[in-house]
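# Coordinate inspection notes
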Amino acid sequence: MTASRGRPRGGGARRVLTGPAGIALLFLLPALVSLVVLRLAPAAVALVDSFFRTTLLGGTSFVGLGNYAELFGNPDFQNSIAVTLLFTVLINPLQIAAAFLLAVLFTRRAAGSRFWRSMVILPIAVPPAVSAVIWSVIYRPDGLANGFLAVIGIPPQPFLTSQYQALLSIMILLSWIGVGYWMMFLIAGINDIPASYYEAASLDGASSWRQLWAITLPLVRRPLAFVLVADTVSNFLVFAPVQILTKGGPNGSTNLLMYDIYTRAFTFGDINRAQAEVVILVLITVVIVALQFRLLKTED
Amino acid sequence: MFEPVIASFEAEYPDITVEYNQVPFDTYATTMQQRLSAGDDTIDVFAVDQPNLAQIAAQGFLEDLSDLKDAAQDATSEAQYEINIYDDKMYALSIWNSTQMLFYNKDILDAAGVEYPSADPADRWTWEQVEEAGVKAQEAGMESGLLLEQVEAYYQLQPLVESLGGGSGITGDDMLTVDVTTDGWVEAMDWYAQTFESGFSPRGVGGFQTSAVFTDQKTAFFVGGPWDVGGFAANADFNWGIAPHPYFDGGDAVTPTGSWSWGINAASNNKAAARAFLEYVALNPEGNLTSTETQTIIPANSEAAAEYLPTLEAMGGDNSAGAADLIAYEIDNTAVARPVSVGYVQFEALINQAFADIRNGSDAADRLEQAQQQIEDAWSQLR
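Residues numbered from 1 in each chain as written. Chains lettered and ligands numbered in written order. Predicted model: local features only at pLDDT ≥ 70, side-chain atom pairs only at ≥ 80, totals over all residues. Heavy atoms only, no water.

## A word on the overall build of chain B
Across its full length, chain B carries 17 helices and 13 strands. For 383 residues, the compact-globule estimate of 2.2 N^0.38 gives 21 Å, and the C-alpha radius of gyration of chain B, at 21 Å, lies within 12% of that figure. The proportion of buried residues among the 383 residues of chain B is 56%. Contacts spanning at least 24 positions in sequence make up 75% of the contacts within chain B whose residues lie at least 6 apart. (Helix = DSSP H or I, 4+ residues; strand = E, 2+ residues; numbered from the N terminus. Rg over C-alpha atoms; globule rule 2.2 N^0.38 Å. Buried < 20%, exposed > 50% of the residue type's maximum accessible area, 1.4 Å probe, protein only. Contact = heavy atoms within 4.5 Å.)

Shown next as structure tokens:
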């Protein structure tokens, strides 16, 4: 029906503009224009730029996939890809598991749960750069973290100055910021589950562990899917803590793609290869997110 | 920041008015790159971070000031004159200068029974002497012996390498040949790595936190700039002193230098007025001196510096006795500027990363080899 109404027939163009579709289009116009100007056009520019090379002393020339070939042959870039993938594989399940457990915990009726919930959410209100500075003090050799470890009898750790601990240290800081945020979506999902389900399960004698698996988890699958995808994307875009705390070091161990793009573009002034890296990062993100959607779909 | 110098210039040249625009330092280089490459003619005079001069000049953004070469040479030190030359042409005039000194905690050296280093350049300590005295201070209860202010910065570490004859790291006719694997480089970086490995210098402290390590009495020796004289005078509640920047036994005495120059935008519509202003601030001692009124920074103009340094020395009272003569001596005799190269920006970013890794335990020779490769890669897009 919609199709036949939208098809222009003898003076139909005017009808399209005044019909519901036209009005809808008008309302959508600002969003569509900003989508094109702010998202699609820059993406197109990035793609086109990545096929060219501009040199300070030479000029601009078309190099096809040359920038990509050079990137994949560059050991620093290979390392950056490896670090980013390792980071993604570790941090996303950890953050989501933590956010889910906290959400379950804080939806229980317990003394002070609202207070603790607020405390967990609080770090979101702190700008990432400020969080990074706070944690730089915590991770200092004579900082809070080592003070805490000393209390429980563990020798001082190098944290950000060790190539084996720096990435993990950044993950902890990011989780401190992120977990509370993702938890909120899951709390909203859990609160939507009718209490009667749990009552029925209790009457049947199901343990709370079994209720968690059989009721909570399946019924928050929608918010969980959103959290999974949004968290994955946001973790691909981590930048401020790396720039402030480690500058990609020690020995490239925290050189996430986003930071590598930044140094290539703005420190080295190599815009073309940086744009090629942007395209690669977007492709990786799209592939991983598509995989996640697929996995979630097959469970339906 | 520049209100006093603008006011005094406008008083002298009533028919010129100066409008001042500030860009945060972190985004300065990129903002200027964008505005200058767009041919922005609203900029007449702009500040040039000295090591970036070659890159900016190579793109044609700076007006050729070669006719002022003689006047510039007379007005400032040799290192500060040469830093503005790219391809035999002069593109900017030096406004500010800097150097580094060795600061020491007198109280802890007394407790450790160590004699103070002298402020006289003729009695300059070696790094070996600093290490020996610092270890004694650690035995007397000090947490660490030595800390350099910009722990991972080329500006700060170039003198270590140059003291051992390792070269600046950039050579060749076009200054686009990397050379950071010489014996001098490896030896200096091995020494630097070992100061952290042994706990003589603290790991994990960087950025703006370093001078606080000295004022909190957690290190016996600290290598810092003239600006620290003002900072320590205000924040250190113990006795301290200054001495010349150390060198390696058997090597040369080398100190860092350099700060900001100013140049004229090639696209400016007010070049005559811009020139008048630039000459006033750089070549006129009085004008140059007023540019430092709100900063603890050395004026690049030699006459202005001679007038300024006693004021700086007075800031720290007895603690900074000898600072004026010492700074004047270093600027004229031991200052070695950072290399002038169109690839300096990439070079500095990558070599600083290598310094950071070496400090955190990477093998110096291997890491420098890697840096050599990384810089060559980054430079491949310049040609």
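Continuing now.
## Details of the overall build of chain A
Along the backbone of chain A there are 15 helices and 2 strands. Taken against the 2.2 N^0.38 rule, which gives 19 Å for 300 residues, the C-alpha radius of gyration of chain A at 25 Å runs more than 25% over that of a compact globule. By principal-axis analysis of the C-alpha atoms, chain A measures approximately 75 × 60 × 35 Å. By residue count, 39% of the 300 residues in chain A fall in the buried class. Nonlocal contacts in chain A, meaning residues at least 24 apart in sequence, comprise 65% of its contacts between residues at least 6 apart. Per element, the accessible surface of chain A, about 17200 Å² overall, is 71% carbon and sulfur. With 20 positive and 13 negative side-chain charges, chain A shows a separation of 13 Å between the mean positions of the two kinds. (Areas by Shrake-Rupley, 256 points an atom, 1.4 Å probe, with all protein chains shown as cover. Lys, Arg positive; Asp, Glu negative; His and termini not counted. Charge placed at Lys NZ, Arg CZ, Asp CG, Glu CD.)

## Describing the sheet that holds strand 11 (residues 240-244) of chain B
All names here are of chain B. Sheet architecture is open: 4 strands sit in the order 7-10-6-11, paired in mixed fashion. Each edge of the open sheet carries a strand with a single partner, namely strand 7 (144-148) and strand 11. Strand-to-strand twist in this sheet, taken as the mean axis angle between neighbours without regard to direction, amounts to 20°. Where strand 6 (residues 101-105) lies against strand 11, 5 bridges are found, and the strand directions are antiparallel. Across the sheet, residue Tyr-104 finds its bridge partner in strand 11, namely Gly-241. Running at roughly 135° to strand 7, helix 7 (residues 127-139) makes contact with strand 6, strand 7 and strand 10 (219-224) of the sheet. Relative to strand 11, helix 15 (residues 323-333) is tilted by about 25°, and along the sheet it contacts strand 6 and strand 11. (Pairing = 2+ DSSP bridges. Axes fitted to C-alpha atoms, helices over the stretch in contact; angles between N-to-C directions.)

## Details of the sheet that holds strand 4 (residues 93-94) of chain B
All names here are of chain B. Sheet architecture is open: 3 strands sit in the order 1-12-4, paired in antiparallel fashion. Strands at the two margins of the open sheet, each flanked by one partner only, are strand 1 (45-49) and strand 4. Pairing geometry for strand 1 and strand 12 (residues 260-264), over 5 bridges, is antiparallel. Counted as the bridge partner of Ala-47 is Trp-262 from strand 12. Of the strands in this sheet, strand 1 and strand 12 touch helix 2 (residues 25-37), which is tilted by about 125° from strand 1. Relative to the sheet, helix 12 (residues 271-282) contacts strand 1, strand 4 and strand 12, its axis offset from that of strand 12 by approximately 160°.

## Description of the interface of chain A and chain B
Counting residues at the interface gives 23 residues for chain A, matched by 27 residues for chain B. Summing both partners gives a buried area of about 2000 Å² for chain A against chain B, and 53% of it is carried by carbon and sulfur. Contact with chain B buries area across many residues of chain A, yet A:Leu56, A:Thr161 and A:Phe268 alone supply 30% of it, more than any other trio. In this assembly, chain A and chain B are joined by 1 salt bridge. In this structure, the connection of chain A to chain B is made through 7 residue pairs in polar contact (both at pLDDT 80 or more). (Buried area = accessible area lost by both parts, 1.4 Å probe. Salt bridge = Lys/Arg side-chain N within 4 Å of Asp/Glu carboxyl O. Polar contact = N/O pair within 3.5 Å; in protein donor to acceptor, adjacent residues only side chain to side chain.)

## Some words on helix 9 (residues 183-197) of chain B
Residues and elements named next belong to chain B. In this model helix 9 runs 20 Å from its N-terminal to its C-terminal C-alpha over 15 residues, within 8% of the 21 Å that 1.5 Å per residue would give. Within helix 9 the residues assigned to the buried category are Gly-184, Trp-185, Val-186, Ala-188, Met-189, Trp-191, Tyr-192, Ala-193, Thr-195 and Phe-196. Packed against the buried residues of helix 9 are helix 7, strand 7, helix 8 (154-163), helix 16 (344-359) and helix 17 (364-379). (Expected span 1.5 Å × (residues − 1).)

## Looking at the environment of B:Asn21
Position of B:Asn21 among the secondary structure elements: in the loop between helix 1 (3-12) and helix 2. Along the sequence, B:Asn21 and B:Phe46 sit 25 residues apart, while their C-alpha atoms lie 9.5 Å from each other.

## Describing the environment of A:Phe51
All names here are of chain A. Of note, Phe-51 is situated in the loop between helix 3 (20-49) and strand 1 (52-54). With relative accessibility at 25%, the residue Phe-51 sits in the partly exposed group. Sequence separation between Phe-51 and Gly-66 is 15 residues, and the spatial gap between their C-alpha atoms is 7.2 Å. Among all residues touching Phe-51, those that are not within four sequence positions of it are Ser-61, Phe-62, Val-63, Gly-64, Leu-65, Asn-67 and Tyr-68.

## Things to note about the confidence of the model for chain B
Residues and elements named next belong to chain B. The pLDDT averaged across chain B works out to 92; a share of 99% of its residues lies at or above 70. Model confidence for chain B, summarised as mean pLDDT per element, is weakest for helix 2 at 82 and strongest for strand 6 at 97. As scored by the predictor, the complex reaches a pTM of 0.83 and an ipTM of 0.73. (pLDDT = per-residue confidence, 0-100.)

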